[in-house]
Amino acid sequence: MFRRTLLAAALASLSAIASLPAAAQALQGNLRLVVPYAPGGSSDRVARIVAEKLTPKLGVPVIVENKAGAGGRLAAQQLRSTPADQNVLMLANPAIMVVAPLIYKDAGYDPEKDYQPVSHVSQYEFAVAVSSAVPVRELNHLLAWLRANPEKANFGVPATGSLPHFFALMVSEQANVKGQVVGYRGSGPLLNDLLGGQIPVAFDTLDTLLPQQDGGKLRILASSGKQRSPFAPNTPTFNEAGLKLAADGWNAFFAPAAMPAARVAQLSAAIAEVMKDPDTQRRFTEAKLDPVSSTAAQTRAMLTAYRAQWAPVVQKSGFQP
């Protein structure tokens, strides 16, 4: 009788372990977080904050790997065929998961078939800025100045085919300004030319432009949110400035298609918990990024809605790399 009781207790314990949520099961080996861009950018900052918080939560090393190249496509191409026994996630943005498959005949990966959404972690806005040498202080003044000086209607963006590129086209069309988009190899070169007077207007992410405005080197005239950003409460939205436009960008983690569903659920739950941590939220806020905590299903729904919003814009532009 005693032995049968012990056996029953053991079986009950095994059953309880098996029924534990995926997030409570041990992760084997380490976890790699691949960032498709060089160190130092906002994507890199996001990944490193999350990695630091995930390490004690998962009980294994969480390593950030930067794999820059081809506007983020190189990392996506390399990770698409990752075997199921490897623990690796990619931190991606709309340029990789939405825009590239629309503008390249063969991006080298299919974001819907080759990847699984795991967790949406941050949101950010776009903004338009001018150097302090440009004689305007409001968006409507800028648009009037550009119409009067069409030879100066050059809009710098951090990369051709980026979301700031397409947002600049949207602004140009709605404002009836025939602007020329000038693509740069990153925000650094773009800001150097803006501050040096080589280009009068720049479209980039708000978090990138704010430190330069705080230093008095440029003026941000409008931001792309539906409401004013808490990071720039004195900056009007494009809607307030007279253009019916609103847009944002995001960072989210994706897993290769081969990763087992239970492992995806485990990592999604762990990242969602990390994003609810007050210290994580403080550090994101300090980086001028809105922290987000979401499930894999919510991340998939966000991505679907985003594709529906931006696909017509990208296709209408006729842009070809």
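Right above here is the structure, for reference.
Residues numbered from 1 in each chain as written. Predicted model: local features only at pLDDT ≥ 70, side-chain atom pairs only at ≥ 80, totals over all residues. Heavy atoms only, no water.

A. Looking closely at the packing of aromatic side chains. Taken as a whole and assessed by the stated rule, the structure comprises 9 aromatic pairs. Taken together, a centroid distance of 5.4 Å and an interplanar angle of 70° make the contact between phenylalanine 155 and phenylalanine 203 edge-to-face. Taken together, the positions of phenylalanine 155 in strand β5 (residues 154–157) and phenylalanine 203 in strand β7 (residues 201–205) put the pair 48 residues apart, joining distant regions of the chain. Owing to a relative accessible area of 2%, phenylalanine 155 belongs among the buried residues under this scheme. Judged by its relative accessible area of 2%, phenylalanine 203 falls in the buried class. Of the aromatic side chains, those joined through ring pairs into one cluster are Tyr124, Phe126, Phe155, Phe167, Phe203 and Phe238. Across the ring face of tyrosine 104, the terminal group of arginine 73 is positioned such that the distance to the ring centre comes to 3.9 Å. (Phe/Tyr/Trp six-rings, centres within 6.5 Å; stacked < 30°, edge-to-face > 60°. Helix = DSSP H or I, 4+ residues; strand = E, 2+ residues; numbered from the N terminus. Buried < 20%, exposed > 50% of the residue type's maximum accessible area, 1.4 Å probe, protein only. Lys NZ or Arg CZ within 6 Å of the ring centre and 35° of its normal.)

B. Quick look at the environment of valine 50. The residue valine 50 is located in helix α2 (residues 42–58) in this model. Taking the C-alpha atoms as reference, valine 50 lies 7.7 Å from threonine 280; in sequence the two are 230 residues apart.

C. Molecular detail of the packing of helix α10 (residues 261–276) against helix α11 (residues 278–286). Their axes nearest at 5 Å, the elements α10 and α11 cross at an angle of 70°. With respect to α11, the axis of α10 lies roughly perpendicular. On α11, the residues touching Val274, Met275 and Lys276 of α10 are Pro278, Thr280, Gln281 and Phe284. A breakdown of the residues in the contact of α10 with α11 according to their chemical character gives 4 nonpolar, 2 polar and 1 charged. (Axes fitted to C-alpha atoms, helices over the stretch in contact; angles between N-to-C directions. Parallel < 35°, antiparallel > 145°, perpendicular 65-115°, else oblique. Contact = heavy atoms within 4.5 Å. Nonpolar A, V, L, I, M, F, W, Y, C, P; charged D, E, K, R; others polar.)

D. Spotlight on the pattern of salt bridges. Summed over the entire model, instances satisfying the criterion amount to 13 salt bridges. In this structure, the salt-bridge partner of lysine 57 is glutamate 273, at a minimum N-O distance of 3.0 Å. A residue pair is termed long-range when its members are at least 10 positions apart, and lysine 57 in helix α2 and glutamate 273 in helix α10 qualify at 216 residues. Assessed through its relative accessible area of 40%, lysine 57 is described here as partly exposed. Judged by its relative accessible area of 43%, glutamate 273 falls in the partly exposed class. The salt bridge involving glutamate 286 is made with arginine 282; its shortest N-O contact spans 2.8 Å. Of the two residues, glutamate 286 and arginine 282 both sit in helix α11, 4 residues apart, roughly one turn of that helix. For glutamate 286, a relative accessible area of 52% puts it in the exposed group. Since its relative accessible area comes to 41%, arginine 282 is described here as partly exposed. Each of Lys53, Asp277, Asp279, Arg282 and Glu286 takes part in salt bridges that share partners, so that together they form one network. (Salt bridge = Lys/Arg side-chain N within 4 Å of Asp/Glu carboxyl O.)

E. Focus on the pairing of strand β4 (residues 115–131). Of all the 17 residues making up β4, 17 are buried; the element is thus mostly covered by neighbouring parts of the structure. Pairing geometry for β4 and strand β10 (residues 290–291), over 2 bridges, is antiparallel. Counterpart to glutamine 123 in the pairing with β10 is aspartate 290. Here β4 runs beside β7; their pairing, made up of 5 bridges, is antiparallel. Bridging across to β7, phenylalanine 126 finds its partner in threonine 205. Of the pairings in the sheet, the one linking β4 to strand β8 (residues 218–223) comprises 5 bridges and is antiparallel in character. Each residue of the ladder has a partner; that of serine 131, found in β8, is leucine 218. (Pairing = 2+ DSSP bridges.)

F. Region of the structure containing the environment of tyrosine 104. Secondary-structure assignment places tyrosine 104 in the loop between α4 (94–103) and α5 (111–114). Taking the C-alpha atoms as reference points, tyrosine 104 and threonine 160, 56 residues apart in sequence, are found 13 Å from one another. Those residues in contact with tyrosine 104 that lie beyond four places of it in its chain are Arg73 and Pro321. Within the structure, tyrosine 104 has its side chain in polar contact with the side chain of arginine 73 (distance 2.9 Å). (Polar contact = N/O pair within 3.5 Å; in protein donor to acceptor, adjacent residues only side chain to side chain.)

G. Structural detail: the pairing of strand β9 (residues 248–256). With respect to burial, β9 is a largely interior element, 8 of its 9 residues being buried. With 3 bridges joining them, strand β3 (residues 88–92) and β9 adopt antiparallel strand pairing. Each bridged residue has a counterpart across the sheet, and for leucine 91 the counterpart in β9 is phenylalanine 253. As defined by bridge partners, β4 adjoins β9 across 9 bridges and the pair is classed as antiparallel. From the neighbouring strand, histidine 120 faces β9, where its bridge partner is alanine 252.

H. Representation of unusual backbone geometry within the structure. For asparagine 176, which is not glycine, the phi dihedral falls at a positive 60°. Mapped onto the elements of the fold, asparagine 176 is located in the loop between α7 (163–174) and β6 (180–183). At lysine 288, a position not held by glycine, the phi torsion is positive, near 65°. Its location among the elements puts lysine 288 in the loop between α11 and β10.

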